[in-house]
Amino acid sequence: MPSIFRKDLFQGQVAIVTGGGSGIGLATATTLGELGAKIAICGRKKEKLDAAAETLAKRGIEVFADACDIREMEQVTAFVAAVKEKLGTASVLVNNAGGQFPTTAETVSARGWEAVVRNNLNGTFFMTQSVANLHMIPAKRGRVVNVIANVARGFPGMVHTGAARAGVENMTKTLAIEWAQYNVQVNAVAPGVIRTSGTDQYPPELLELSRERTPMKRLGTAGEVAQLIAYLASDAAFFVTGVTWYIDGGAHLWGDNWIIADAEPPPPPAIVAELAKE
Ligand SMILES: CCCCC/C=C/C(=O)SCCNC(=O)CCNC(=O)[C@H](O)C(C)(C)COP(=O)(O)OP(=O)(O)OC[C@H]1O[C@@H](n2cnc3c(N)ncnc32)[C@H](O)[C@@H]1OP(=O)(O)O
Ligand SMILES: NC(=O)C1=CN([C@@H]2O[C@H](COP(=O)(O)OP(=O)(O)OC[C@H]3O[C@@H](n4cnc5c(N)ncnc54)[C@H](OP(=O)(O)O)[C@@H]3O)[C@@H](O)[C@H]2O)C=CC1
């Protein structure tokens, strides 16, 4: 996707993109890198990262890639220190790593719940705190962009991730206030359904349902999300903080991914009938 931004927009800056080995993360790393930033990417699978690093390097982007599971504080601390040593002080952090699995709320196991909350809420906080303390707060400059999901009306079918992403959305607001004094702006991006290696793992019929229920009648692209992230990471968004930006073709306002069962509603309690008589 051709960029609308000036070619040297991020010249001299270092950007960390978690989950930068694929999908939205790789598109974001490519976009920021092509706009001049040095790029650090992490993920759990080293082979995926190596392939992504090669792709970025072929485009002339200086890149540091290393395995890091964002759920593990020790791995996060080591990765964040390595970025400083290899590339310098980071001014941009894109918390993109995350994921979950479809489940009904009544069947999700305690371990399944915990795995998803750790992945999307704990991991995002660990990375943000570590980058802020080592890079952004001492430099008095930082832009954090958290990739969440469309949780405006809950997240039926994925209760664990809905709760975790809502946690990140609230954290976004808190950190925007606490860290304004350090010139660290914190925003969130909430993608609707975006065609990526991630959504390729979901049943095609679920994706088609989402497309039909999206007012703009299509799925988004990783490049479109990357452009929004680039704006929020740039100086053009200097006065923007604590805000969630939906990029979903209108889906947070209208359209449902969850079919409510066509069951007989329960009779109302007696008090409701009595009040109706008055
Ligand atoms: C309409 C579509 C909308 C789509 C919108 C969103 C799209 C995206 O987010 S795209 C990104 C897509 N990628 C993913 O979502 C994959 C991410 N998944 C993972 O990274 C991992 O599976 C994990 C972090 C969610 C869990 O990994 P891990 O901690 O290693 O978990 P364990 O294997 O140890 O299992 C713990 C616990 O969780 C249960 N579980 C794990 N995966 C699944 C699954 N796919 N389905 C059902 N249950 C799962 C697992 O069974 C364990 O529970 P117990 O069995 O009770 O021990
Ligand atoms: N595509 C969509 O429709 C939507 C996506 N999102 C969110 O956007 C983000 C990007 O997703 P997308 O690009 O579509 O999918 P991908 O599956 O391609 O990207 C997810 C990336 O996160 C990395 N990752 C996951 N868990 C961890 C972890 N614990 N530590 C480090 N890295 C991790 C994965 O790498 P590895 O497996 O190597 O660890 C992978 O590169 C995710 O948070 C996703 O949930 C939100 C709403 C909709």
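For the structure itself, consult the block above.
Values in this document were obtained by computation on a predicted structure and should not be read as measured data.

A. Structural view of the overall build of the protein chain. A count of helical and extended segments in the protein chain gives 8 helices and 9 strands. A compact globule built from 278 residues would reach a C-alpha radius of gyration of about 19 Å, and the protein chain, at 20 Å, matches this within 12%. Overall size of the protein chain, expressed as C-alpha extent along the three principal axes, is 70 × 40 × 35 Å. The 278 residues of the protein chain split such that 42% are buried. A fraction of 75% describes how many contacts in the protein chain between residues 6 or more apart in sequence connect residues 24 or more apart.

B. View of the pairing of strand β1 (residues 14–18). Among the 5 residues of β1, 5 are classified as buried, and the element is accordingly described as predominantly covered. Side chains Val14, Ile16 and Thr18 of β1 all project onto a buried face; the interleaved residues Ala15 and Val17 project onto the opposite face, where all are buried too. As paired elements, β1 and strand β2 (residues 38–43) share 5 bridges and run parallel to each other. When the bridges of β2 are listed, Val14 appears paired with Lys38. Traced from β1 through helix α1 (residues 23–34) to β2, the parallel crossover comes out right-handed. Sheet analysis places β1 next to strand β4 (residues 92–95), joined by 3 bridges and oriented parallel.

C. Representation of the packing of helix α4 (residues 110–139) against helix α5 (residues 159–178) in the model. Look at α4 against α5: their axes get within 8 Å of each other, and the N-to-C directions meet at 20 degrees. With respect to their mutual orientation, α4 and α5 come out roughly parallel. Considering how the two elements wind past one another, α4 and α5 form a crossing that is right-handed. Between α4 and α5, the residues in contact are Gly112, Trp113, Val116, Val117, Asn120, Leu121, Thr124, Phe125 and Thr128 and His160, Thr161, Ala163, Ala164, Arg165, Gly167, Val168, Met171 and Leu175, respectively. Residue classes in the contact of α4 with α5 are distributed as 10 nonpolar, 7 polar and 1 charged.

D. Region of the structure containing the site of ligand 2. Looking at ligand 2, there are 30 residues lining it, with Gly19, Gly23, Arg44, Gly98 and Gly198 nearest. When residues of the shell around ligand 2 are traced back to their parent elements, those giving at least two are α1, β2 and α4. Ranked by residue count, the leading element in the shell around ligand 2 is α1, at 3 residues. Here the shell around ligand 2 is composed, by residue class, of 9 nonpolar, 16 polar and 5 charged.

E. Structural detail: the sheet that holds strand β3 (residues 63–67). Pairing in this open sheet of 7 strands is parallel, and the strands run β3-β2-β1-β4-β5-β6-β9 from one edge to the other. Of all the strands in the sheet, the pair left with one neighbour each is β3 and β9 (244–247). Each adjacent strand pair in this sheet contributes to an overall mean axis angle of 15 degrees, direction not counted. Packing against the sheet, helix α3 (residues 73–86) makes contact with β1, β2 and β3, and its axis sits at approximately 160 degrees to β3. Against the sheet, α4 touches β1, β4, β5 (142–147) and β6 (184–191), its axis set at about 180 degrees to β4.

F. Focus on the pairing of β4. Side chains of β4 alternate between two faces, with Val92 and Val94 and Leu93 and Asn95 buried alike. Here 4 bridges tie β4 to β5, and the two strands are oriented parallel to one another. In the strand pairing of β5, Val92 is matched with Arg143. Taking the sense of rotation as the criterion, the β-α-β connection linking β4, α4 and β5 turns out right-handed.

Parameters at a glance
Residues numbered from 1 in each chain as written. Chains lettered and ligands numbered in written order. Predicted model: local features only at pLDDT ≥ 70, side-chain atom pairs only at ≥ 80, totals over all residues. Helix = DSSP H or I, 4+ residues; strand = E, 2+ residues; numbered from the N terminus. Rg over C-alpha atoms; globule rule 2.2 N^0.38 Å. Buried ≥ 20, exposed ≤ 12 C-beta atoms within 10 Å, placed from the backbone. Contact = placed C-beta atoms within 7 Å. Pairing = 2+ DSSP bridges. Right-handed = clockwise from strand over helix to strand, strands pointing away. Axes fitted to C-alpha atoms, helices over the stretch in contact; angles between N-to-C directions. Parallel < 35°, antiparallel > 145°, perpendicular 65-115°, else oblique. Left-handed = near helix turned anticlockwise from the far one by under 90°. Nonpolar A, V, L, I, M, F, W, Y, C, P; charged D, E, K, R; others polar. Near = placed C-beta within 6 Å.

Spatial relationships are all this shows, so hold off on functional conclusions.
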